[in-house]
Amino acid sequence: MDNRPIGFLDSGVGGLTVVRELMRQLPHEEVVYIGDSARAPYGPRPAQEIKKYTWELVRFLLTKDVKMIVFACNTATAVAWEEVKEKLDIPVLGVILPGSSAAIKSTVSGNIGVIGTPMTIASNIYEKKIKDLSPQMTVNSLACPKFVPIVESNEIQSSVAKKIVYESLAPLAGKVDTLVLGCTHYPLLRNIIQNVMGPHVKLIDSGAECVRDISVLLNYFEINRSRNIDNKKHCFYTTANIASFKEIADSWLPVTVKVEHVRL
Ligand code: DGL
């Protein structure tokens with residue numbers, strides 16, 4: 001038993017899609033979340049800069065005495081997860097391996113699509129992981145740099161969002177039966193993405209898939225939070241505007257959250 005919170009990090013609001021799934025699957029756990037919206041998007045930035053920012057988020061979470069850190073960000077996972085995992089003595093989880101395994105499980109044709117930020121796609125990490133696990137798979141990867149800004153500015157319902165998603169995904173049309181949402185911001189655009197890809201394409205939410213791994217690790221290390229403690233104090237921190245973070249968090253999560261501003 002370990003009643004300390006689980007720490008989540010993301011470049012902004014995208015990791016809330018992972019937290020939502022955590023609250024559904026593991027409702028007893030307590031959350032500390034840090035979103036670096038002031039510096040989002042991370043995707044177009046150089047690897048060294050993303051690594052530096054990710055370490056700042058990790059150090060912040062460590063000051064909150066977390067029992068585990070979840071990289072609820074594919075871009076940070078692609079660039080910094082290996083290094084951070086080696087250096088910390090608490091479990092550190094990323095979203096890419098769980099997303100890759102789920103895609104392999106889902107595909108029938110063996111043609112998997114992956115969409116992500118420019119850094120995630122340039123790193124080729126999904127293709128490597130998928131082919132490591134199952135060499136006969138074909139992977140079509142596509143960077144969608146315009147998606148994160150739409151989500152961060154909460155324009156997900158706009159006609160501009162529909163147009164951008166439609167145009168961006170055109171190169172994948174008819175080529176895949178499974179599409180990995182390789183960025184935790186993208187599930188917020190899920191309905192539009194599904195409409196564009198068609199009902200026969202299975203969407204894989206890499207963040208949601210990672211919650212199963214969180215559960216496995218909590219059980220393995222016997223660090224679940226006690227079911228007898230009722231008062232959970234989730235803490236959400238943003239490096240940018242509290243009001244816009246809160247608007248997205250409140251509409252996306254099953255609870256109303258308290259958000260604080262933090263300067264890293
Ligand atoms: N949610 C982050 C991811 O999963 C978005 C990164 C960005 O800010 O570009 O990759």
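Nothing here was measured: the structure is a model prediction, and the numbers come from that model.

Novice: Let's hear about the site of the ligand: which residues, and what values?
Specialist: In the vicinity of the ligand lie 13 residues, with Ser11, Tyr42, Asn74, Thr75 and His185 positioned nearest. Residue Asn74 places a main-chain N or O atom 2.7 Å away from an oxygen atom belonging to the ligand. Between the ligand and His185, the relevant distance is 2.7 Å, taken from a nitrogen atom to a side-chain nitrogen or oxygen of the residue. Considering the ligand on its own, with 300 Å² of exposed area, one finds that the protein chains cover 99% of that surface.

Novice: I'd like to hear about helix H6 (residues 125–133), residue by residue, with values.
Specialist: It helps to recall that an α-helix has 3.6 residues per turn; residues three or four apart then point in one direction. Those residues of H6 that sit buried are Ile125, Tyr126 and Ile130. End-on view of H6: buried residues confined to an arc of 125°, all on one side of the axis.

Novice: Summarise the packing of aromatic side chains; cite the residues concerned and give the values.
Specialist: The tally for this structure, following the rule as stated, stands at seven aromatic pairs. Ring geometry for Phe60 and Tyr237: centres 4.9 Å apart, planes at 75°, overall edge-to-face. A residue pair is termed long-range when its members are at least 10 positions apart, and Phe60 in helix H2 (residues 47–63) and Tyr237 in strand E9 (residues 235–238) qualify at 177 residues. Judged by its relative accessible area of 12%, Phe60 falls in the buried class. Between the aromatic rings of Phe147 and Tyr186, the centroid separation amounts to 5.1 Å while the plane-to-plane angle is 70°, which identifies the pairing as edge-to-face.

Novice: Can you break down the UniProt feature "binding site: substrate" (unreviewed entry) in the protein residue by residue, with the values?
Specialist: As annotated in UniProt, the feature "binding site: substrate" (unreviewed entry) corresponds to Asp10, Ser11, Tyr42, Gly43, Asn74, Thr75, Thr184 and His185 in the numbering used here. A maximum C-alpha distance of 12.2 Å is found for the annotated residues, which run over 176 residues; spatially they form one tight group. There is a polar contact of 2.5 Å between the side chain of Tyr42 and the side chain of Asp36. The residue Thr184 is located in the loop between strand E7 (178–181) and helix H9 (190–197) in this model. If we ignore the near neighbours within four places in the chain, the residues touching Thr184 are Asp10, Gly14, Gly15, Thr17, Val18, Ala72, Cys73, Asn74 and Gly207.

Novice: I'd like a description of the packing of helix H8 (residues 159–169) against H9, backed by residues and values.
Specialist: The angle between the axes and the distance between the axes are what describe a pair of packed helices. In the contact formed by H8 and H9, the axes pass within 10 Å of each other and the chain directions differ by 45°. Comparing their axes, H9 and H8 come out oblique. The interaxial crossing formed by H8 with H9 has right-handed handedness. Taking contact as the criterion, the partners of Ala161, Lys162, Val165, Tyr166 and Leu169 in H8 are, on H9, Ile192, Ile193, Val196 and Met197. Class assignment of the residues belonging to the contact of H8 with H9 gives a composition of eight nonpolar, no polar and one charged.

Conventions we followed
- Residues numbered from 1 in each chain as written.
- Predicted model: local features only at pLDDT ≥ 70, side-chain atom pairs only at ≥ 80, totals over all residues.
- Heavy atoms only, no water.
- Near = heavy atom within 4 Å.
- Polar contact = N/O pair within 3.5 Å; in protein donor to acceptor, adjacent residues only side chain to side chain.
- Areas by Shrake-Rupley, 256 points an atom, 1.4 Å probe, with all protein chains shown as cover.
- Buried < 20%, exposed > 50% of the residue type's maximum accessible area, 1.4 Å probe, protein only.
- Helix = DSSP H or I, 4+ residues; strand = E, 2+ residues; numbered from the N terminus.
- Arc of directions from axis to C-beta.
- Phe/Tyr/Trp six-rings, centres within 6.5 Å; stacked < 30°, edge-to-face > 60°.
- UniProt positions renumbered as here; feature names shortened; annotations may be inferred.
- Contact = heavy atoms within 4.5 Å.
- Axes fitted to C-alpha atoms, helices over the stretch in contact; angles between N-to-C directions.
- Parallel < 35°, antiparallel > 145°, perpendicular 65-115°, else oblique.
- Left-handed = near helix turned anticlockwise from the far one by under 90°.
- Nonpolar A, V, L, I, M, F, W, Y, C, P; charged D, E, K, R; others polar.

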